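Examining the three-dimensional arrangement
Below are the chains, spelled out letter by letter.
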Amino acid sequence: MSTEPRLEDLVAAMPLVDHHVHGASAADLDRPAFETLVTESDRPIPPFMTQFDSQIGFAIRRWCAPVLGLSAHASPEDYLARRAELGAAEVNRRLLRGSGIGRFLVETGYRGEDVLGVAGMAEASDRPAAEIVRIERVLEEVAATGVSAAELPGRFREELAARCAGAVGLKSIVAYRYGFAFDPEPPSEREVVDAAGRWLATAPENGPRVEDPVLLRFGLWTGVAQGLPLQLHAGYGDPDVELHLCDPLLLTRWLKLVEPHGVDVLLLHCYPYHRNAGYLAQVFPHVYFDIGLAVNYTGSRSGAVIAESLELAPFAKILFSSDAWGPAELHYLGAHLFRRGLCEALRSWVDAGQWTEPDAIRVATMIGATNASRVYGLEPTE
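Residues numbered from 1 in each chain as written. Predicted model: local features only at pLDDT ≥ 70, side-chain atom pairs only at ≥ 80, totals over all residues. Heavy atoms only, no water.

**Re the pairing of strand β2 (residues 101–107)**
Here β2 lies mainly inside the structure; seven of its seven residues are buried. Strand direction decides the pairing type here: β2 and strand β3 (residues 129–134), joined by four bridges, are parallel. Among the inter-strand pairings, V106 is bridged to a residue of β3, identified as E131. After leaving β2, the chain enters helix α6 (residues 118–125) and then returns to the sheet as β3, a path that is right-handed. (Buried < 20%, exposed > 50% of the residue type's maximum accessible area, 1.4 Å probe, protein only. Helix = DSSP H or I, 4+ residues; strand = E, 2+ residues; numbered from the N terminus. Pairing = 2+ DSSP bridges. Right-handed = clockwise from strand over helix to strand, strands pointing away.)

Printed below as a string of structure tokens:
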């Protein structure tokens, strides 16, 4: 009888590194709030439908209900009643710890006041957490201090460097604010000051939102100068994106310019362009990718998307993320569905005699944990 570990057992016990995630909701959520947070749409839910009638809704009822003490496939009403009974803190504790995620790299730049921060995620999950700094948020915070256009470039460089001192990586949302069809060259100082002048002169009272392509490029290149791994949202997201401009292939010229700087670029989510991201990860040594956001929202079809992500890129270039924000169900499902889909793909190749089980285990470990640990320079966890 073989004493070798089984692929499924190892993957089930693996402490995943979630290299791009946000905080869990700190407040209790009623049904409208919960349903709004389990979709990428920012529009009101039409009265004729419910988000529970979707792939992610079915996945919540199947996989999260037992973690909260209900039977699998509990009704939406029973599920939400149980959630309210337990309260946000206990729901977060059960789902975050039940996810088996061993480390969270928390991007703090989106509505951080509404969710747990780095310390809160570490406490609720009982696992280590570190920060990923959002470039555009720092630039907007500097602009809100009353800085002049001439002062803004230097102040931003100083502030970003200070924030990076306690972080493991950076993230840009240029895909949301402009798209990837930007001039790949670094802007001149004069261009930045002129753009800052226009921006600051028209900033609304509720705070500036950086959308100018010159300033976005300035933020990106200032991020490259920090030397930390740099994450970029790509592909699918909320309606703020124009999806046809979020194909990572549009970054090709910029990636070529970044390559000599020795900075790793991590393309996040990428769906439906995950095959394009796989190509970029194959041809450029500094490019990596994940399919994080797509896993939750494709639910029972997520295994097919995961298998597609394994088609072209070297396995040392693929990472795991959940991109969960808000309900801790997204953190739990991001890990659970990823494990299931990865095992389904690898098991099919082992059973067909195309892979050995030890090779499948080695690749699963790379994608689930060790690739991220290498890229971000993470210390081993206990």
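Structure shown, so let's carry the discussion forward.
**A short note on a nonpolar patch on the surface**
Side chains of L249, Y279, V283 and L312 sit close together on the surface and give an oily, nonpolar patch of about 310 Å² of accessible area. When its relative accessible area of 36% is taken as the criterion, V283 is described as partly exposed. (Patch = residues over 30% accessible without salt bridge, like charges linked within 9 Å, V, L, I, M, F, W, Y side chains within 5 Å. Areas by Shrake-Rupley, 256 points an atom, 1.4 Å probe, with all protein chains shown as cover. Salt bridge = Lys/Arg side-chain N within 4 Å of Asp/Glu carboxyl O.)

**Looking at unusual backbone geometry**
With an omega dihedral of 5°, the bond running from Y271 to P272 counts as a cis peptide bond. Take P272: it is sitting in the loop between β6 (265–269) and α13 (274–283). One non-glycine residue, D126, lies in the positive phi region at around 60°. Considering the arrangement of structural elements, one finds D126 in the loop between α6 and β3. Residue classification places D126 among the exposed positions, given a relative accessible area of 53%. Phi angles above zero are rare outside glycine, and D323 is one such case at about 50°. One can find D323 in the loop between α15 (302–309) and α16 (328–351).

**A few points about the side chain of D323**
Despite being buried, D323 has no salt bridge partner; K171 is the closest side chain of opposite charge, sitting 5.2 Å away. A polar contact of 3.3 Å, which involves the side chain of D323, links it to the side chain of H269. For D323, the contacting residues outside a window of four places in its chain are D18, H20, V21, H22, H269 and L293. (Lys, Arg positive; Asp, Glu negative; His and termini not counted. Polar contact = N/O pair within 3.5 Å; in protein donor to acceptor, adjacent residues only side chain to side chain. Contact = heavy atoms within 4.5 Å.)

**With respect to the pairing of strand β1 (residues 16–21)**
Burial analysis of β1 places six of its six residues in the buried class, which makes it a mostly covered element. Sheet analysis places β1 next to β2, joined by four bridges and oriented parallel. From the neighbouring strand, L16 faces β2, where its bridge partner is I101.

**Describing the sheet that holds strand β7 (residues 287–289)**
The parallel open sheet is built from seven strands, whose spatial order is β1-β2-β3-β4-β5-β6-β7. Only two strands of the sheet have a single neighbouring strand rather than two, namely β1 and β7. The sheet shows a mean angle of 25° between the axes of neighbouring strands, taken without regard to direction. Relative to strand β5 (residues 230–234), strand β4 (residues 167–172) is paired through three bridges, and the arrangement is parallel. The partner of K171 across the bridge, within β5, is Q231. Contacting β3, β4 and β5, helix α7 (residues 135–143) runs over the sheet at an angle of about 65° to β3. (Axes fitted to C-alpha atoms, helices over the stretch in contact; angles between N-to-C directions.)

**Thoughts on the nonpolar core**
Membership of the largest hydrophobic core comes to 116 residues, with the highest contact counts inside it found for I60, L230, L232, W254, L267, F289 and L333. At twelve residues, α16 tops the list of elements feeding residues into this core. Filtering out sequence-adjacent residues up to four positions away, L232 remains in contact with S172, V174, F180, L220, L251, W254, V265, L266, L267 and L268. Membership of the second largest hydrophobic core comes to 13 residues, among which are I132, L266, A369 and V375. (Core = buried A, V, L, I, M, F, W, Y, C linked by side-chain atoms within 4.5 Å.)

**A look at the packing of aromatic side chains**
In the structure shown here, the tally under the stated rule is eleven aromatic pairs. Ring centres 4.8 Å apart and planes at 45° place the aromatic pair F320 and F338 in the tilted group. One end of the pair, F320, is in the loop between α15 and α16; the other, F338, is in helix α16, with 18 residues separating them in the sequence. You'll find F320 and F338 in the same group, each marked buried. Over the aromatic face of F58 sits the side chain of R61, whose NZ or CZ is 5.6 Å from the ring centroid. We note K317 situated over the ring of Y288; from NZ or CZ to the ring centre the distance is 5.1 Å. (Phe/Tyr/Trp six-rings, centres within 6.5 Å; stacked < 30°, edge-to-face > 60°. Lys NZ or Arg CZ within 6 Å of the ring centre and 35° of its normal.)

**Some details on empty space enclosed by the protein**
Using the criterion set out here, one finds one cavity of 30 Å³ or more in the structure. As a volume, the largest cavity reaches approximately 40 Å³. Lining the largest cavity, in full, are I291, I306, S309, L310, I318, L319, F338, L342 and I367. Elements that contribute at least two residues to the lining of the largest cavity include exactly α15 and α16. (1 Å grid on protein atoms, 1.4 Å probe; cavity = no way out; pocket = protein on both sides within 12 Å on 5 of 7 lines; lining within 4 Å. Points joined across faces, edges and corners; volume = space filled by probe spheres on them.)

**Let's talk about the layout of surface pockets**
Reported here for the largest pocket is a volume of approximately 870 Å³. Forming the walls of the largest pocket are 37 residues, and the residues nearest its centre are Y110, R111, R134, Y176 and D238. Where the lining of the largest pocket is concerned, the elements lending two or more residues are α7, α9 (174–177) and α14 (292–298). A total of four residues in the lining of the largest pocket trace back to one element, the largest contributor, which is α7. Considering only residue class, the lining of the largest pocket consists of eleven nonpolar, twelve polar and 14 charged. (Nonpolar A, V, L, I, M, F, W, Y, C, P; charged D, E, K, R; others polar.)

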